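Listed below, chain by chain, are the residues.
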Amino acid sequence: LNGFGKSLGLVQVEELGSLETPIFLTNTLNVGLVHDAAVGYMIDRCEAEGEELRSVNPVVLECNDSSLSDIRERPVREEHVRRAIEAACEDFALGDVGAGKGMTCHGLKGGIGTASRIVELGGREYVLGLLVLANHGRLADLAVAGRPVGREILARRAAGEAGPGDALGDAPDKGSAILVYATDAPLDSRQLGRVLRRGSVGLARLGSYIGHGSGEVFVGFSTANAITVEGDLRQIEAVNESRLDRFFRAAAECAEEAVLDSMACASAVIGWRGNRVESLAEYGDLLEDIVHHP
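First, a word on what this report is: a plain description of the structure on this page. Think of each chain on its own: its residues are numbered from 1, step by step along the sequence as written. Local features are withheld for residues below a pLDDT of 70 in this predicted model, meaning they are given only at 70 or higher, and side-chain atom pairs are given and counted only at 80 or more; totals for whole chains, interfaces and linings count all residues. Values reported for side chains reflect all heavy atoms of the structure, with hydrogen atoms and water molecules removed beforehand.

**Details of the overall build of the protein chain**
The helix count covers DSSP runs of H or I at least four residues long, the strand count covers runs of E at least two residues long, and both are numbered beginning at the N terminus. Assigned secondary structure in the protein chain consists of 8 helices and 10 strands. Principal-axis analysis of the C-alpha atoms places the extent of the protein chain at approximately 70 × 50 × 35 Å. Calculation of accessible area relied on Shrake-Rupley with a 1.4 Å probe; when residues are assessed, cover is drawn exclusively from the protein chains displayed. Just so you have it, the protein chain exposes about 15,200 Å², and 50% of that area is on carbon and sulfur atoms.

Right under this line is the structure:
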C-alpha cells in the first residue's frame, strides 16, 4: 500500500501469484540475514526430498524497531530463523515477541497481533485470518471504537496522571505495518490483491493515515487451489466477483482487531538508551469504559 520498506520477494509474488517459502518477519537491518537463512533452510529441505534447488524466492518483511533496539547489532542469526520455523504452531505468543519485541504502535507498545472472521458463501464456511506486525501510527490519532483514546492518554500525561512515556503525540506517522492474510476460500491471486487492500480500512479506523515514513505491506495466500508444475493447464476454483464484499469486510475488521490485539497483548518495554514505551494495557480503564459504554 505504501512502499516505504525493505521487504524482499514481493516482486516475484506479484508476478507469479505464488509463494515458495514460509513468510519471515524481522526488523529492517536483519532482512538480508534472514533471507540468507531462509535460502539455507530451503536448500536443506530440497536435498532431503531429492530435489535440486536452482532458485528460490524467500519472502522477508520488516518493520523498523530502532527506537527501542540498537538496530545496528543485527542479532538475528540462521539458528534463530530455523528455530522459528521448527517452533511454528497454531497457538503462539502475541504482543511484544519475536519480530514484535521492539515495535511501537500509535506511540504505545506494538508487536504481533491476530484476528479472524468466518465468511459464509454458497452454503459453506470459509475462514479469513490475519497476523499483523504493528509498528505504525501516532498516539494523538489513536481511536478505539470511534473514541479518541490517544488524546485521552495525552491529556492524562499532561495532567500528571500517567507516566510521560516516549511519544508526545506530535511524532510523525512512521514505522510500518505488515499484514499477512491467510484463507481457505478459493481466491485467485488477483482477488487476493483486492481483499488485501481492504486492510487499509482497518488501519484507518484506528487513526492511521498511512504517513510518508510508514511502509504498509500486505501479503496473503489461499490454500484452496493446488499449484502444480505438471501439464499445460491448471484448473482453479474462484469466488464470484460479486461476492467479494464479504471478504472485503472481513479483511477490514481483521486489520482493526489484529492491531488492537498486538497492543493489548504487549507489555511496557524499556529499550536501549532507556527509552520506555507504555502499554495500552496500562490504560485498561479506558478500554473497559469503551466496552461498557460503546
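**Here we look at the pattern of salt bridges**
Here a salt bridge means any side-chain nitrogen of Lys or Arg lying within 4 Å of a carboxyl oxygen belonging to Asp or Glu. Taken as a whole and assessed by the stated rule, the structure comprises 18 salt bridges. Across the salt bridge formed by Arg117 and Glu253, the nearest N and O atoms sit 2.8 Å from each other. Residue Arg117 is found in strand β5 (residues 111-121), and its partner Glu253 is found in helix α7 (residues 245-264); the two are separated by 136 residues along the sequence. Where Glu241 meets Arg194, a salt bridge forms, and the shortest distance between an N and an O atom there is 3.1 Å. Placement of Glu241 in the loop between β8 (216-222) and α7 and of Arg194 in helix α5 (residues 189-197) is noted, with a sequence separation of 47 residues between them. Several salt bridges converge on common partners, so that one network encompasses Arg117, Arg249, Glu253 and Glu257.

**Some points on the packing of helix α4 (residues 149-158) against helix α8 (residues 284-292)**
Each packed pair of helices is defined by two parameters, the angle between the axes and the distance between the axes. Axis definition: a line fitted to C-alpha atoms, over the contacting stretch in the case of helices. Angles run 0 to 180 degrees between N-to-C directions. Closest axis-to-axis distance for the α4/α8 pair is 11 Å, and the angle between their directions is 140°. For the element pair α4 / α8, the angle class is oblique. The way α4 lies across α8 gives a crossing that is right-handed. Contacts between α4 and α8 pair Val149, Glu152, Ile153 and Arg156 from the former with Asp285, Leu286 and Ile290 from the latter. All amino acids are sorted into three groups, where Ala, Val, Leu, Ile, Met, Phe, Trp, Tyr, Cys and Pro are nonpolar, Asp, Glu, Lys and Arg are charged, and the leftover types, Gly among them, are polar. Of the residues in the contact of α4 with α8, the class split is 4 nonpolar, no polar and 3 charged. Angle categories: roughly parallel below 35 degrees, roughly antiparallel above 145, roughly perpendicular from 65 to 115, and oblique for all the rest. Crossing handedness follows the turn of the near helix against the far one: under a right angle anticlockwise gives a left-handed crossing, and clockwise gives a right-handed one. What makes two residues a contact is simply this: any of their non-hydrogen atoms within 4.5 Å.

**Some thoughts on α5**
If you check which residues of α5 are buried, you get Gln191, Leu192, Gly193, Val195 and Leu196. Each element contacted by the buried residues of α5 is listed here: β6 (124-134), β7 (177-183), α6 (199-205), β8 and α7. You can read the cap of α5 off the contacts: a side-chain oxygen lies 3.2 Å from the backbone nitrogen of Arg190, and it is on Asp188. Think of it in three bands: with a 1.4 Å probe and only protein chains considered, a residue is buried below 20% of the maximum accessible area for its type, exposed above 50%, and partly exposed in between. Under this definition, polar contacts are N or O atom pairs within 3.5 Å; protein pairs additionally need one hydrogen-donor-capable and one acceptor-capable atom, and for neighbouring residues in sequence, both atoms have to be side-chain atoms.

**Some points on the pairing of strand β1 (residues 23-27)**
Where β1 meets strand β2 (residues 59-63), 5 bridges bridge the pair, whose relative direction is parallel. Across the sheet, Leu25 pairs through a bridge with Leu61, a residue of β2. Read from β1 through helix α2 (residues 31-48) to β2, the crossover connection turns out right-handed. Strand pairing requires that DSSP identify at least two bridges connecting the strands. Orienting the strands away from the viewer, one traces the path from the first strand over the helix to the second; a clockwise path indicates a right-handed crossover.

**Brief notes about the side chain of Lys109**
Tracing the backbone through its elements, the reader meets Lys109 in strand β4 (residues 108-109). Engagement of the side chain of Lys109 in a polar contact is seen with the backbone oxygen of Gly100, the distance being 3.0 Å. Here Met103 takes part through its backbone oxygen, which lies 2.6 Å from a polar atom of the side chain of Lys109.

**Some words on the packing of aromatic side chains**
Stacked, tilted and edge-to-face are the three classes assigned to paired rings of Phe, Tyr and Trp, where Trp is represented by its six-membered ring and a pair needs centres within 6.5 Å; plane angles under 30 degrees give stacked, over 60 edge-to-face, the rest tilted. This model, assessed by the stated rule, comprises 0 aromatic pairs. Here, a charge over a ring means that NZ of Lys or CZ of Arg falls within 6 Å of the ring centre while also lying within 35 degrees of the ring normal. Here the guanidinium or amino end of Arg198 rests over the ring plane of Phe248, the centre of that ring lying 3.8 Å away.

**Concerning the environment of Ala134**
As for its placement among the helices and strands, Ala134 is situated in strand β6. The exposure class assigned to Ala134 is buried, which follows from its relative accessible area of 0%. The spatial distance from the C-alpha of Ala134 to the C-alpha of Ala252 is 15 Å, given a sequence separation of 118 residues.

**Observations regarding the pairing of β5**
Bridge count for β5 against β6 is 11 bridges, and the pairing is antiparallel. Paired with Val119 across the bridge in β6 is Tyr126. Here β5 hands over to β6 after 2 residues, with Gly122 in that stretch at a positive phi of 60°.

**Some thoughts on the nonpolar core**
Buried Ala, Val, Leu, Ile, Met, Phe, Trp, Tyr and Cys residues form a nonpolar core when they are joined through side-chain atoms within 4.5 Å. Counting 43 residues, the largest nonpolar core has Leu179, Tyr181, Leu187, Phe247 and Val259 as the members making the most contacts within it. Among the secondary structure elements, those contributing two or more residues to this core are β5, β6, α4, β7, α5, α7 and α8. Apart from the residues lying within four places of it in its own chain, the contact partners of Leu187 are Leu192, Val195, Ser222, Val239, Leu244 and Phe247. Counting residues in hydrophobic clusters, the runner-up holds 12 residues, among them Cys63, Leu133, Val180 and Val217.

**Looking at the sheet that holds β6**
Spatially, 4 strands are ordered β5-β6-β7-β8 in an open sheet, and the strand pairing comes out mixed. Pairing within the sheet leaves two strands with one partner each, and these edge strands are β5 and β8. Between one strand and the next, the sheet's axes are offset by a mean angle of 15°, whatever the strand orientation. As paired elements, β6 and β7 share 7 bridges and run antiparallel to each other. Each residue of the ladder has a partner; that of Leu131, found in β7, is Val180.

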